[in-house]
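Residues per chain, in single letters:
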Amino acid sequence: SIPIEFSNVPAGMEVTSQSADSLDVQVQGSPWMMDSVSLSKYVGRFDLKNIQPGWHTLQFQQNTLNMPPGITVDRVTPGTVRVQVEPAAARQLRGR
């Protein structure tokens, strides 16, 4: 499995909840390519640019994983990740 990261979180916003912390990924490619690929250095990155506050379902896209040429993603579980995005101040107020 590989960890999930969120990029381009708008200023003043934060991810306060997510349905998964990692993705189980199955890849395929030629045997010599597969020998050189270590999934431990990959991250499932979801772009949150222009996201609004609230709950969102993020769909896995091929560009979520930046795999080298010759390696294709066969299957990803889960295929979607639910995230809650809130203004950073809202979480601080709730925590009091």
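Computed from a predicted model, the values in this text were never measured in an experiment.

Quick word on the nonpolar core
And then number 1: Judged by nonpolar contacts, the single largest core of 25 residues is most densely connected at F6, L23, V25 and V73.
And then number 2: For this core, the secondary-structure elements that each account for two or more residues are β1 (2–7), β2 (13–18), β3 (22–29), β6 (71–77) and β7 (80–87).
And then number 3: Not counting the four nearest positions on each side in its chain, V73 is found in contact with V25, Q26, V27, F60, Q62, L65 and M67.

Quick notes on the sheet that holds β1
And then number 1: Spatial ordering of the open sheet is given by β4-β1-β3-β6, a layout of four strands whose pairing is mixed. The sheet is open, and its two edges are formed by β4 (44–47) and β6, each paired on a single side. Across the sheet, the axes of successive neighbouring strands diverge by a mean angle of 40°, strand direction being ignored.
And then number 2: Bridge analysis of β1 against β4 gives four bridges, and the strand direction is parallel. Note on β4: the bridge partner recorded for I4 is G44.

Observations concerning the pairing of β3
And then number 1: With two bridges connecting them, β1 and β3 associate as antiparallel partners. From the neighbouring strand, P3 faces β3, where its bridge partner is S22.
And then number 2: Two elements, β3 and β6, share six bridges in a ladder whose sense is antiparallel. Bridge pairing in β6 places D24 opposite T77.

Comments concerning the pattern of salt bridges
And then number 1: As enumerated under the stated definition, the model contains one salt bridge in all.
And then number 2: For E5, the salt bridge goes to R45, with nearest N and O atoms at 2.9 Å. Taken as a pair, E5 in strand β1 and R45 in strand β4 lie far apart in primary sequence, 40 residues in all.
And then number 3: Look at R45 and you get partly exposed, because its relative accessible area is 42%.

Conventions adopted
- Residues numbered from 1 in each chain as written.
- Predicted model: local features only at pLDDT ≥ 70, side-chain atom pairs only at ≥ 80, totals over all residues.
- Heavy atoms only, no water.
- Core = buried A, V, L, I, M, F, W, Y, C linked by side-chain atoms within 4.5 Å.
- Buried < 20%, exposed > 50% of the residue type's maximum accessible area, 1.4 Å probe, protein only.
- Helix = DSSP H or I, 4+ residues; strand = E, 2+ residues; numbered from the N terminus.
- Contact = heavy atoms within 4.5 Å.
- Pairing = 2+ DSSP bridges.
- Axes fitted to C-alpha atoms, helices over the stretch in contact; angles between N-to-C directions.
- Salt bridge = Lys/Arg side-chain N within 4 Å of Asp/Glu carboxyl O.

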